[in-house]
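Chain residues, written in single-letter form:
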Amino acid sequence: MKTIGVIPARFASTRFPAKVLAMIDGKPLVQHVWEKVMLARELDEVLIACDHPDVFKAAQDFKARAVMTDPHCISGSDRIAEAVKDLKADIVVNVQGDEPFIDPGTIDALSVLLKQDTQVMMGTVVKEITDEADLQNPNVVKCVVDHQGHALYFSRSPIPYHRNKASTAKNYKHLGLYAYRRDFLMTFTGWPKGILESAEELEQLRALERGVKIKTTVTSMESLAVDTPQDLQKAIQWFEKSKLMTK
């Protein structure tokens with residue numbers, strides 16, 4: 001199955017404009033993401049979907065394959081659908097352009113999930129929350145799953161709420177990674193924005209509102225999405241720490 005990885009690199013981010021071009025150790029954020037994605041073994045091709053000439057030029061400067069897309073796309077999935085509409089592919093993997101520490105092995109695991117189970121139309125990745133600050137942070141999206149690993153809901157609020165303090169239910173956070181069958185991606189992005197999607201500003205809720213199951217795979221690998229200038233400072237610190245650990 002031909003699998004394409006696409007990085008939606010949005011210049012006009014509401015919370016942190018031009019963040020994909022923010023510098024970490026002399027490289028733009030989106031380049032760090034691209035370098036990680038290029039290490040994934042299950043991807044046959046990697047593409048950056050840009051919405052601004054500055055992002056497109058930056059991608060060209062570090063020799064990435066890039067395409068321009070409509071700056072008014074309502075979500076990363078919609079941007080990706082536009083980027084791959086004329087390409088042949090069976091599976092499309094969406095790696096958010098603000099995830100500089102995404103693990104290539106996690107990308108591979110998600111790709112394999114769709115390759116091995118043809119019933120899965122859309123998949124994503126979750127990780128158990130171990131930091132209470134993440135649970136309370138609305139920029140960290142939470143997810144609850146059923147016994148088969150299908151997502152029941154995604155929210156910026158802490159879910160599930162542990163009214164029973166003896167509860168053993170786990171809290172998971174959602175990582176910025178999706179995989180879709182190409183035909184489903186085109187169907188999904190043809191649907192209007194949903195009510196819950198609009199409320200939470202979470203594109204995956206468009207699928208759940210339509211009754212589509214989203215299969216999750218659990219990772220133990222930590223990541224950090226750069227949603228705000230404060231997150232960028234954390235990312236710089238993470239990067240410096242990782243360099244010290246590899247010396």
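Look a little higher up for the structure.
Predicted model only: the values in this text are computed from it and were never measured.

Enquirer: Go over the pattern of salt bridges, please, and point to the residues and values.
Expert: Tallied over the entire structure, the rule returns 16 salt bridges. Two residues, Asp61 and Lys57, come together in a salt bridge whose shortest N-O distance is 3.0 Å. With Asp61 and Lys57 both in helix 2 (residues 53–61) and four residues apart, the pair spans about one turn of that helix. The partner of Lys173 in a salt bridge is Glu222, and the shortest N-O contact between them spans 2.6 Å. Here Glu222 lies in the loop between strand 11 (214–218) and helix 9 (229–246) and Lys173 lies in strand 10 (residues 172–181), a separation of 49 residues in the sequence. Of the residues examined, Lys173 reaches a relative accessible area of 7% and is grouped as buried. Using a relative accessible area of 32% as the deciding quantity, one classes Glu222 as partly exposed. Each of Arg15, Lys19, Asp98 and Asp227 takes part in a single network of salt bridges with overlapping partners.

Enquirer: Help me get a handle on the environment of Glu99, residues and values and all.
Expert: Mapped onto the elements of the fold, Glu99 is located in the loop between strand 6 (91–95) and helix 4 (104–116). When the C-alpha atoms of Glu99 and Tyr178 are compared, they prove to be 13 Å apart, with 79 residues separating the residues in sequence. The residues contacting Glu99, other than those within four sequence positions of it, are Val33, Leu175, Gly176, Ser223, Leu224 and Ala225. Engagement of the side chain of Glu99 in a polar contact is seen with the backbone nitrogen of Gly176, the distance being 3.3 Å.

Each value, and the rule that gives it
- Residues numbered from 1 in each chain as written.
- Predicted model: local features only at pLDDT ≥ 70, side-chain atom pairs only at ≥ 80, totals over all residues.
- Heavy atoms only, no water.
- Salt bridge = Lys/Arg side-chain N within 4 Å of Asp/Glu carboxyl O.
- Helix = DSSP H or I, 4+ residues; strand = E, 2+ residues; numbered from the N terminus.
- Buried < 20%, exposed > 50% of the residue type's maximum accessible area, 1.4 Å probe, protein only.
- Contact = heavy atoms within 4.5 Å.
- Polar contact = N/O pair within 3.5 Å; in protein donor to acceptor, adjacent residues only side chain to side chain.

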